[in-house]
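Chains, contacts and geometry: an overview
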Amino acid sequence: MTAPVFRFAPSPNGELHLGHALSALTNQRMANAAGGRLLLRIEDIDVTRCTPEFDAGIFRDLAWLGIDWEEPVRRQSEHFGEYEAALERLRREGLVYPAFMSRGDIRAAIMAFEATGKTWPRDPDGAPLYPGTDKTMSRNERMQRIDAGAPFAWRLDTAGALARLKGRLSWREWADETMPSTTDVAADPLQWGDVVIARREIPTSYHLSVVMDDALQGVSHVVRGRDLYFATSVQRLLQEMLGLPQPSYFHHRLVLGPDGRKLSKSQRDTGLAALREAGETSEGVRRMLGY
Ligand code: GLU
């Protein structure tokens, strides 16, 4: 039997905070208990927000915490060609379409709709679903707009993709960290509407590169925070559309700030580097997290 493969996949667009520490430590503990391997993946597709300083900070903070990961580390920004090939496949199969509505257009369409007293559907993160008006645009009009240099993003035709599935879409979620058993969770990608799969200037998106990399790296266990629980629905659909294997999942608790909200990268006081500079030890951080 091959050893289970876990991964910790931070984005270098801010300082790692206590929430990341919990994720890295949980991955390490589960990988060790299962006799598995732990990979580190740098999710830096957003070249406008990721910086070499934050990237270096990830390595410093993880080493300080005592996390051991396998080399080589995969950097998503070095693999755009692979994501582009997956996008091309989705394009060829008619599963994505160029979506031309700007943020402003979307806002205006929704405001007009809601002015009638009805509520426009929102995704699990609270963002309004894409109206999808240009899903039915003719091929000619699409080509014309693209040739004219109109900005657009590739969006998944979520309903169309679901219609191609044979069975029911679900994922296996571990009951807890000790991995006693999994439950089958029904996936509902329609709650996200037609998600962005790639942008004109970046030939991928978070969802596309995550499913490609999890498959390419042979990841068998995806362990991450509960904030990404619902994202699993979209990722499972993409795995099915791209013929990729499905890992099992464990979405761990989140570390909340004093205000009861999820930590963000802008909260300096919970950043690992800031804690270290203030004299905190890595044992202290582990203790704070119950490790
Ligand atoms: N890169 C994502 C983040 O930093 C995590 C992706 C994942 O674990 O699937 O939030």
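First things first, this report covers the structure right here in the doc. Bear in mind the structure is a predicted one, so any value in this text is a computation, not a measurement. (Residues numbered from 1 in each chain as written. Predicted model: local features only at pLDDT ≥ 70, side-chain atom pairs only at ≥ 80, totals over all residues. Heavy atoms only, no water.)

Thoughts on the overall build of the protein chain
- Each helix and strand in the protein chain was counted, giving ten helices and ten strands.
- Taken over the C-alpha trace, the protein chain has a radius of gyration of 20 Å; the compact-globule value for 291 residues is 19 Å, and the two agree within 12%.
- Its C-alpha atoms give the protein chain principal-axis dimensions of about 60 × 45 × 40 Å.
- Long-range pairs, those at least 24 residues apart, make up 77% of the contacts in the protein chain between residues at least 6 apart in sequence.
- Surface summary for the protein chain: the accessible area is close to 14,400 Å², and the carbon and sulfur share equals 53%.
- For the protein chain, the distance from the average position of its 37 positive side-chain charges to the average position of its 39 negative side-chain charges is 4 Å. (Helix = DSSP H or I, 4+ residues; strand = E, 2+ residues; numbered from the N terminus. Rg over C-alpha atoms; globule rule 2.2 N^0.38 Å. Contact = heavy atoms within 4.5 Å. Areas by Shrake-Rupley, 256 points an atom, 1.4 Å probe, with all protein chains shown as cover. Lys, Arg positive; Asp, Glu negative; His and termini not counted. Charge placed at Lys NZ, Arg CZ, Asp CG, Glu CD.)

Observations regarding the pattern of salt bridges
- This structure, assessed with the given rule, holds 20 salt bridges.
- Taking the shortest distance from any N to any O, the salt bridge between Arg276 and Asp61 comes out at 2.9 Å. With Arg276 in helix H9 (residues 272-277) and Asp61 in helix H2 (residues 52-65), this residue pair connects regions lying 215 residues apart in the sequence.
- Residue Glu240 pairs with Arg236 through a salt bridge whose shortest N-O separation is 2.9 Å. On the criterion of helical spacing, the pair formed by Glu240 and Arg236 is a turn pair, its members being four residues apart in helix H8 (residues 231-241).
- On the basis of relative accessible area, Glu240 is assigned to the partly exposed category, the value being 36%. (Salt bridge = Lys/Arg side-chain N within 4 Å of Asp/Glu carboxyl O. Buried < 20%, exposed > 50% of the residue type's maximum accessible area, 1.4 Å probe, protein only.)

A look at the packing of aromatic side chains
- By the definition in use, this model includes seven aromatic pairs.
- Residues Tyr229 and Phe230 carry aromatic rings whose centres are separated by 5.3 Å and whose planes lie at 90 degrees to one another, so their mutual orientation is edge-to-face.
- Since its relative accessible area comes to 41%, Phe230 is described here as partly exposed.
- Directly above the ring of Trp154 sits Arg91, whose terminal nitrogen or CZ lies 4.7 Å from the centroid.
- Seen from the ring of Phe100, Arg145 lies directly overhead, with NZ or CZ sitting 5.2 Å from the centre. (Phe/Tyr/Trp six-rings, centres within 6.5 Å; stacked < 30°, edge-to-face > 60°. Lys NZ or Arg CZ within 6 Å of the ring centre and 35° of its normal.)

Here's the deal with the layout of surface pockets
- The calculated volume of the second largest pocket comes to roughly 300 Å³.
- What lines the second largest pocket is a set of 14 residues, among which Arg91, Pro98, Arg139, Arg142 and Trp154 lie closest to the centre.
- Elements with a contribution of two residues or more to the lining of the second largest pocket: strand E4 (96-99) and helix H5 (139-147).
- Here the lining of the second largest pocket gets five residues from one element, more than from any other, and that element is H5.
- Split into classes, the residues belonging to the lining of the second largest pocket amount to seven nonpolar, one polar and six charged. (1 Å grid on protein atoms, 1.4 Å probe; cavity = no way out; pocket = protein on both sides within 12 Å on 5 of 7 lines; lining within 4 Å. Points joined across faces, edges and corners; volume = space filled by probe spheres on them. Nonpolar A, V, L, I, M, F, W, Y, C, P; charged D, E, K, R; others polar.)

Here we look at the site of the ligand
- Near the ligand you find Arg7, Ala9, Pro10, Ser11, Glu43, Tyr206, Arg224 and Leu228, and these make up its full shell.
- Separating a nitrogen atom of the ligand from a side-chain N or O atom of Ser11 is a distance of 3.2 Å.
- Between the ligand and Glu43, the relevant distance is 2.6 Å, taken from a nitrogen atom to a side-chain nitrogen or oxygen of the residue.
- Contact with the protein chains removes 80% of the 300 Å² of surface that the ligand exposes when unbound. (Near = heavy atom within 4 Å. Polar contact = N/O pair within 3.5 Å; in protein donor to acceptor, adjacent residues only side chain to side chain.)

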